Structure formats: structure tokens, C-alpha cells
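Coordinate analysis (summary)
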Amino acid sequence: MTQVCKTSKAIGGMGHSMKRKEDGRFLQGKGNYVDDIKLDGMLYMDIVRSPYAYAKIKKIDSEAALKVPGVLAVITGRDLEQYNLHWMPTLMSDTQMVLPTDTVMYQAQEVAAIIATSRYAARDGREAVRVEYEVMKPVIDPFKALDPSAPVLRTDKPGKTDNHIWHWEVGDKARTEAVFASADVVVKEQMHIPRIHVASIETCGCVADYSKVNNHLTMYMTTQAPHAIRTVIALVAGHVGLTEEKVRVISPDIGGGFGGKVPVYPGYVIAIAASFLIGKPVKWIEDRSENLQADSFARDYHITAEMAGTKDGKILATRFKVLADHGYTDASANPSKFPTGMFSIATGSYDYGTTFMEADAIYTNKPPGGVAYRCSFRVTEAVHAIERMTDRYALEIGKDPAQLRFDNFIPKEAFPWHSPTGWIYDSGDYEAGLRKAMDAIDYEGLRKEQTEKRAKGELMGIGISTFTEVVGAGPSKDFDILGIKMFDSAEIRVHPTGKAIARFGTKSQGQGHETTYAQIIAEELGIPAENIQIEEGDTDTAPYGLGTYASRSTPTAGAAAAVAARKLRDKARKIAAYLLEVSEDDLEWEPGKFFVKGAPEKSKTIQELVFAAYTNHPQGMEAGFEATHYYDPPNLTFPSGAYICVVDIDKETGEIKVRRFVAIDDCGNIINPMIVQGQVHGGLTQGIAPAMYESLIYDDDGNILNGTLMDYLVPTAVESPNWETGHTITPSPHHPIGAKGVGESPTVGAPPAIANAIVDALSPYGITHLDIPITPFKVWKALKEKGAI
Ligand code: CDP
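Residues numbered from 1 in each chain as written. Predicted model: local features only at pLDDT ≥ 70, side-chain atom pairs only at ≥ 80, totals over all residues. Heavy atoms only, no water.

**A word on the overall build of the protein chain**
- Broken down by element type, the protein chain carries 19 helices and 33 strands.
- Its C-alpha atoms give the protein chain a radius of gyration of 27 Å, near enough to 28 Å, the size a compact globule of 789 residues would have.
- Projected onto its principal axes, the C-alpha positions of the protein chain cover 85 × 75 × 50 Å.
- Counting contacts in the protein chain only where the partners sit at least 6 residues apart, residues at least 24 apart contribute 79% of the total.
- As displayed, the protein chain has an accessible area near 28400 Å², and 52% of this comes from carbon and sulfur atoms.
- The distance from the centre of the 82 positive side-chain charges to the centre of the 101 negative ones in the protein chain is 1 Å. (Helix = DSSP H or I, 4+ residues; strand = E, 2+ residues; numbered from the N terminus. Rg over C-alpha atoms; globule rule 2.2 N^0.38 Å. Contact = heavy atoms within 4.5 Å. Areas by Shrake-Rupley, 256 points an atom, 1.4 Å probe, with all protein chains shown as cover. Lys, Arg positive; Asp, Glu negative; His and termini not counted. Charge placed at Lys NZ, Arg CZ, Asp CG, Glu CD.)

**Here we look at the sheet that holds strand E28 (residues 593-596)**
- Pairing is antiparallel across the open sheet formed by three strands, whose spatial order is E27-E28-E29. Either end of the sheet is taken by a strand with one partner, and the two such strands are strand E27 (587-590) and strand E29 (599-605). Neighbouring strand axes in the sheet, compared pairwise and without regard to direction, differ in orientation by 35° on average.
- Two elements, E27 and E28, share four bridges in a ladder whose sense is antiparallel. Within E28, the residue paired with Glu590 across the bridge is Lys593.
- Relative to E28, helix H15 (residues 554-580) is tilted by about 40°, and along the sheet it contacts E27, E28 and E29.
- The strands touched by helix H16 (residues 606-615) within the sheet are E27, E28 and E29, with E29 carrying the most contacts at an inclination of about 50°. (Pairing = 2+ DSSP bridges. Axes fitted to C-alpha atoms, helices over the stretch in contact; angles between N-to-C directions.)

**Describing the pattern of salt bridges**
- Tallied over the full model, the rule gives 56 salt bridges.
- With a closest N to O distance of 3.0 Å, Asp162 and Lys160 form a salt bridge.
- The class of Asp162 is partly exposed, set by a relative accessible area of 35%.
- For Arg503, the salt bridge is made with Glu491, and the minimal N-O distance between the two is 3.7 Å. With Arg503 in strand E25 (residues 500-504) and Glu491 in strand E24 (residues 488-494), this residue pair connects regions lying twelve residues apart in the sequence. Assigned by exposure class, Arg503 and Glu491 land together as buried. (Salt bridge = Lys/Arg side-chain N within 4 Å of Asp/Glu carboxyl O. Buried < 20%, exposed > 50% of the residue type's maximum accessible area, 1.4 Å probe, protein only.)

**What about the site of the ligand?**
- Looking at the ligand, there are 23 residues lining it, with Gln511, His513, Ser553, Thr554 and Val742 nearest.
- Between the ligand and Gln511, the relevant distance is 2.7 Å, taken from an oxygen atom to a main-chain nitrogen or oxygen of the residue.
- Separating a nitrogen atom of the ligand from a backbone N or O atom of Lys740 is a distance of 3.2 Å.
- Considered on its own, the ligand offers 520 Å² of accessible surface; in the complex 98% of this is hidden by protein.
- Among the elements that make up the shell around the ligand, the one with the highest residue count is helix H17 (residues 673-693) (three residues).
- Partitioning the shell around the ligand into residue classes produces eight nonpolar, 13 polar and two charged. (Near = heavy atom within 4 Å. Polar contact = N/O pair within 3.5 Å; in protein donor to acceptor, adjacent residues only side chain to side chain. Nonpolar A, V, L, I, M, F, W, Y, C, P; charged D, E, K, R; others polar.)

**Quick notes on empty space enclosed by the protein**
- Evaluation of the coordinates by the stated rule reveals five cavities of 30 Å³ or more.
- By volume, the largest cavity is sized at about 100 Å³.
- Taken together, Leu85, Val232, Ile233, Val236, Ala237, Val240, Leu242, Val264, Val269, Ile272, Ala273 and Phe276 make up the full set of residues lining the largest cavity.
- For the lining of the largest cavity, the elements supplying multiple residues, two or more each, are helix H7 (226-237) and helix H8 (266-278). (1 Å grid on protein atoms, 1.4 Å probe; cavity = no way out; pocket = protein on both sides within 12 Å on 5 of 7 lines; lining within 4 Å. Points joined across faces, edges and corners; volume = space filled by probe spheres on them.)

**Quick look at the pairing of strand E33 (residues 723-727)**
- Of the pairings in the sheet, the one linking strand E32 (residues 656-666) to E33 comprises five bridges and is parallel in character. Counterpart to Asp665 in the pairing with E33 is His727.
- For the crossover from E32 across H17 to E33, the handedness is right-handed. (Right-handed = clockwise from strand over helix to strand, strands pointing away.)

**Here we look at the pairing of strand E1 (residues 43-49)**
- With seven of its seven residues buried, E1 lies for the most part within the structure.
- Both faces of E1 are covered, namely the face carrying Leu43, Met45, Ile47 and Arg49 and the face carrying Tyr44, Asp46 and Val48.
- Of the strand pairs in this sheet, E1 and strand E14 (residues 282-285) are connected by two bridges, and their pairing is parallel. Counterpart to Tyr44 in the pairing with E14 is Lys283.

**Topic: the confidence of the model for the protein chain**
- Averaged over all residues, the pLDDT of the protein chain is 97; the fraction at 70 or higher stands at 100%.
- In the predicted complex, the global pTM is 0.97; the interface-specific ipTM is 0.99. (pLDDT = per-residue confidence, 0-100.)

**Brief notes about the layout of surface pockets**
- Computed from the structure, the second largest pocket encloses a volume of approximately 480 Å³.
- Secondary structure elements with two or more residues in the lining of the second largest pocket: helix H5 (142-145), strand E10 (185-196) and strand E15 (297-309).
- Residue composition of the lining of the second largest pocket, grouped by class: eleven nonpolar, four polar and nine charged.

**Some remarks on helix H6 (residues 173-182)**
- Buried within H6 are the following residues: Thr176, Val179 and Phe180. Around the axis of H6, the buried residues are gathered within 100° of arc, so they sit on the same side. H6 presents Ala174, Ala181 and Ser182 as exposed residues on the side facing more than 90 degrees away from its buried surface.
- In this structure, the buried residues of H6 make contact with E10, E15, strand E16 (315-325) and strand E17 (354-362).
- The backbone nitrogen of Ala174 lies 3.5 Å from a side-chain oxygen of the residue at the head of H6, namely Asp172. (Arc of directions from axis to C-beta.)

**Quick word on the packing of aromatic side chains**
- Counted under the stated rule, the structure contains 27 aromatic pairs.
- Ring plane angle 90° and centroid distance 6.2 Å describe the contact between Phe320 and Phe343, whose orientation is recorded as edge-to-face. Placement of the pair is Phe320 in strand E16 and Phe343 in the loop between E16 and E17, with a sequence separation of 23 residues.
- For Phe343, a relative accessible area of 0% gives the class buried.
- Three or more aromatic residues joined by ring pairs form one cluster here, namely Tyr350, Phe406, Phe409, Phe415 and Tyr430.
- Over the aromatic face of Tyr549 sits the side chain of Arg552, whose NZ or CZ is 5.6 Å from the ring centroid. (Phe/Tyr/Trp six-rings, centres within 6.5 Å; stacked < 30°, edge-to-face > 60°. Lys NZ or Arg CZ within 6 Å of the ring centre and 35° of its normal.)

**What to know about the environment of Ile664**
- Mapping Ile664 onto the fold places it in strand E32.
- Judged by relative accessible area, Ile664 falls into the buried class, the value being 4%.
- Considering only alpha carbons, one finds Ile664 and Gly433, 231 residues apart in sequence, at a separation of 6.2 Å.
- Excluding its chain neighbours within four sequence positions, the residues that come into contact with Ile664 are Gly433, Lys436, Ala437, Ser640, Gly641, Ala642, Tyr643, Gly726, His727 and Thr728.

**Examining the nonpolar core**
- Core analysis: the biggest nonpolar cluster contains 154 residues, and Met219, Ile303, Phe343 and Phe661 have the highest contact counts within it.
- Here Phe661 is in contact with Tyr643, Ile644, Cys645, Leu684, Asn722, Trp723, Glu724, Ala750, Ala753 and Ile754, once residues within four sequence places are set aside.
- Judged by nonpolar contacts, the second largest core, of 48 residues, contains Ile11, Val494, Ala564 and Val610. (Core = buried A, V, L, I, M, F, W, Y, C linked by side-chain atoms within 4.5 Å.)

**Considerations on the sheet that holds strand E6 (residues 103-104)**
- The antiparallel open sheet is built from three strands, whose spatial order is E6-E2-E8. Two strands bound the open sheet, and with one partner strand each, they are E6 and strand E8 (130-135).
- The pairing of strand E2 (residues 55-61) with E6 spans two bridges and is classified as antiparallel. Within E6, the residue paired with Ala55 across the bridge is Val104.

This is the structure:
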């Protein structure tokens, strides 16, 4: 299905590749980021961090630091303890230190904060603080963390006797075991989806501005979820007078969030405490290494994956067992019902009877997290597991992996489809996506070429990933963060001259909301998108919402915008009927005006109708032209994709070259094709990252071995292949504009396509699996072990 634009280019509704409205200021260097904020009398904060992964703090000596010119204060956990501000809740209802009073739990943990009149003085002060530690042997390996001899890390939790956080399971265990016991073919792999970091260009930071006179806090900060943060601040600091009406959170322009700017970091809370105690604004901006070493990480799932099937390629069952390394606290932002997020989408795009999945979360001496890095709460891990196992199964029975997928896809007639783990997939046409990708890349031709190359001993691989995503958290019956339901909101105000401002509870970090939300409203009301100003990120003005992450903005706030606009169109219809002296039923709508059925010359434009709402509205009708909607989605949306990757590998060095990568995405109806393409390009690069480059590595003492961008390999344009993109369109039947989210699909879908391609290239030598990131060294080593070189 192709998408037709219903509005003219001048209106710029759905389907127009309108240039991004926000880019004017970004391209001219006029973006307004947290570090651009400078307030009168503003102080600067820097943070002393632990060099050890696990140690007792014996003494913090601030004397020399306080003598550094410009240093005003050194704040420790003991200082915060006096106000009961030394601990705070995480978004997963666990607890986290703001500053430690006794023990540090991971390398680079905050130990003390320096407040000074300049950033330089704060850094000098930081260097002058002397901390005495008693170093202890940390728990780094999550498998060893469960050993009875391992020290219990969370001694702050009364009665805790081990390092286990939670157990979760879903599916039919007995039935799955029975299917596995009698299946002709069972394949099994142990895989690790490594710990990675979002490494956004802008690090985290804030300016906490507490006014003693007004007992009011304005918090400028890099957050993806301003309202949720306001509520958390009120929960943490309400007892010292910072109740929710006294707190305003402003999230200005953000230079990339990707999930890493959802958690509440100790730095924010310390800056608030410092501003509260000193009565001046306090700025805190992380440096690059702090960002990489101490902020919440993503992934770190150890998965035992199994698939059972017939000899001729029918999947019968899957089984997944996960060990989730959460570091020293569970600070991910999963809905409380789903501690593994949406991992249970791991049944994938395939129609088979039964599955059983279980997960255990573990404390270790590493930074906290499990953030949804451009991933709807653990979908990346799930998709990697199912897509790798699908290829593993195809390899085992000697069947083409594309054909195996065709033979197992959920047929398009079967939607809405009930998955064995309880999801109801809204719509999909997986076969169409894979066919399109195969045609685009010439799959048959590539397989022929591969056969020829194999005969010559050359390594060429073709990898497929046909994934189903799950985004748009979420329906209030199931989805919440800290008990707050995951609806989202839009408020539209149209001014008398027909120009509008609309405010949202979400917060763009580069996704282009100022353009696409305007396009949704333009589609519904016929007011040109150019004339619709979009505002996000100010809790004093925007309606309450849960923020932007996990590709939820289009499914939730985008829907809210459409519904709010429709409320206004209903009002416009009433005014049109009054002005044209006909009944409402006699009116017809075309984008931008109502006209009388059969008499199109009798019409009123939306601008005339809005003006009348302020100047000449029917008696008894409320004046003005404003609407708000809080959208509680009836279901999630289930985007999908068919990705095919071709790699060439140098046998002698293990060097991998991604020769081609075709990505066909399906995100339902598209609001702005150019923005979607940009989202896909960026996401694919963030997909090649964990597949081939990125992984945070710790030694046995908990030292992070690649905590700078010198060692942590973030791919650039140089490493990125020429992404070839396209789409199919399967609208979401329940979403008001038929759209599904797209932001995270490429990051989710790309790693298994790349891993499958590499393993495909190596499979003639008996290699069945390699953990990501698949580096040249790993490839070379595997070939060496198999005697291939
Ligand atoms: O929540 P987030 O904005 O990160 O993700 P999203 O809802 O997938 O949207 C990412 C960007 O793509 C936004 O600007 C959307 O409006 C746009 N988009 C689109 O134009 N059409 C779609 N069907 C989905 C998203």
C-alpha cells in the first residue's frame, strides 16, 4: 500500500517531506542547550568520583579543596543525610544513592560535590579533595554474583541475603518442555548482548535555580521526561518544602537522548540540594568520560536461547533464559508490570505454538541502569535472540533463511494476532516487507555469487532480520512508570487569526517533533503546518505527559494531537453550520474548509471559523478555540522491518566490510517521509555500533577499560555503509492516524542482520554463533580455532 497526501503542499499535512522547522536555529548555531544557560550569580558544580568499584569510605578530607580560590563548599553524603536526601528512588522502585555515606558501589560513582564560582575552580577543588578508601573485592561477573560465597552488595536493604533482584517469567513452561522433548530439531546458543552506552553528543547536565524568596525551584535539565522528573523531585524533596507546585522543570534543546536521559542521575539531585542550601543557581555539566563511565548503561543481557522445530523448517517452540546484569541498582525505566520491559516480544514475527521465557536480575558492582537505548524496553535483546536463533535453525537443517522465514511468518490475514506471551499485534505484512527487501538487494543473485565465492574459499555472508517491534507505551491498564500511567497529551490553542500553538508532554531530543506534530494538526485542521508552533519541555506550560523514549511519541502524543484537533474540527463544524445557516449534517470537510454538500461555493475556511470562535460564535457556545487531549492508547503499535545485510570478510585479518544494507521498514502511515528516513539512517548506524564496535568492558576489579571515546568505538560516517532504505505501509488499525513509531526500529533490527551475515559467511567452517560486537579479532580467532586459517 502506498500513502497518498490528502493535503496540499501549502498545508503540509501527513506524507509531506516538509523541511524541519527546528533546523533553522540548529543550523545557525542558535539552539538553546542546558550549557547555554547562564544565570546571574550562577555557581558551578564538579563531582569527585570513586576510583574503585567497591570500597568503604573511611574519610573525606575537604580542607585543601576549601582553600582553592573560588571553592565555596564541598558536599558529602553525610551533609545530604541531615536532610534525608542521600538516597532516592529509581524509576523501577529500587533505591539509589545520591551521595554515599559509607560505601561506593561502582567505579566512577559520585563521592562528593564541589561548588565553586567557576567551572575551573570546581575542577581544581575536585582534585584537592582527599578520600581514604578501604578497597573491597567487587562482584563483577553476574554469574558469580549468585554464588553463595559472593558478598551481599545491597546491605542497605534489611534482610537481603543475596544479589538477586527479581525473577520474571512468561509463557507455558510445561507445554514448551513437552514440545522440546519430542521435536526433531533443537538448536541452542548462549549469547551476550553486551553493556553499551548511548554516548549522545550532549552529555547530561542541569542548572538548578532555587529561589529562597519564593521557595521555588526552576530546574533546567537534559531530560526526556520533564513531568515525570518534576514528580520525582517532589517525591524526593517534598519534605523540605519542594512540593510539586513549587517545581518547574524546563528541558531546553537536547543533543541526543536515546533513553540515557530518562533516569534521574545523582548529579541533578546534588545540584538541587546545593542550590537549595546556598540559594544560588548551580550548574552541573558532565564531561565526556563521566558520561560514559557513570551514567546508566543499556543491555547487558546474558541469554540462553533455544528453538525447536521440524526437519523441514516449521518452528514449534522457543525457550529463553536471561540473566540481567543491572549493576548496583535497578534504575531502568521499565513499566512496573514488566521488569524485563517488552522482552516477551521475543517470539518474533513467527506463527508457532508455544514459548517459555524467564529472567533473573542481578546486582553487581557496576553503574546502574538497563536503559532502553533507542529500544522499547529490551526489544533489542529480544529481537537479537529470535533473529539469531531463526538463522541458527535454518543453518542446522540446511534451509535458506529467507524461505524459512516465509514458511513461518504470521500471515497478514491473522491480525490482530495474539502472541503466546500475551501481546496483541495490531497489524503487519511481513511477507511483503521481506519480498521488497529481497528484490531491492537481488537476493537470488547474491546467493549465486556466494556459492561461487565459497568455491574459491572467499568469505561472503548474507544476513536477514525480519523483526516485529512493540512501541507506544502504553495502555493505562498495563503501563506505568512509578505508578504514573503512560498516557500522553496534547493541548492546541488556535489564535483568532488562525495561527496556533500546541504543547505536548513529550520532549524531542532531535526527532523533529516541532515539524511532525505540526503536520498532524495541519492534516486534521487544514491550518498550514508552518503556522503551528510546537512547544515541549516546560512543565509549567505543557500538559502532563510521560515524555519521549521507546518510540512512544507518535503512538501516544501524536495520537493525542490528532484527537485534540478533531475536537476542534467538531467545534469548527458547529460554527460553520451557524454561519452558513445549514445543519451540521449538510456540511462536508476538505482540508482547510467546510462547505455545503452540493454547493461548494458556500464555504467557510478554518481561519474564518476560528476567527468567528472569538468574534461571532453561536450563543451558548463557549468562546475560544482550544482543546486538550490525554490519550490512553487502546493497544501498543507493532512496527516491523525486513533488513538484509551483505558482508565480505578478509580471511587473513578478520576485517569485515558491510558491502550493502537494505532496510525496509513498516511504521504504518508516515507523517514525514524525510524525517522517517533520517530516523532510520541514524538508527542503523546505532545498530551497526553494538554489532561491530561498541561494548563497555570491565576487568575483574571493576575498572572500566574503555571509558573514553579513544577506546569506546562509536561509529562515524566513515564506518557507516550506504544505507538503502524503503518502506511498506501497514497502518495501525487502532491509532487515530494509522501511524506506528519508528525511531528505534533500525537500532533494534540492524544488529541481528549484521551478526547473521557474518555468521553466514563463516558457517562453512562450522561457526554457528559469535557474540556482538563481532570484531575482526573475534572473527580471526574463530577461524583460527576452526583451522580455517
Ligand atoms: O518517541 P520518538 O519521537 O523518539 O519516536 P517516534 O514516535 O518513532 O518518532 C520519531 C520521529 O519520526 C518523529 O518526528 C515522528 O513524528 C516521525 N514519524 C513519522 O513521521 N511517521 C511515523 N509513522 C512515525 C514517526
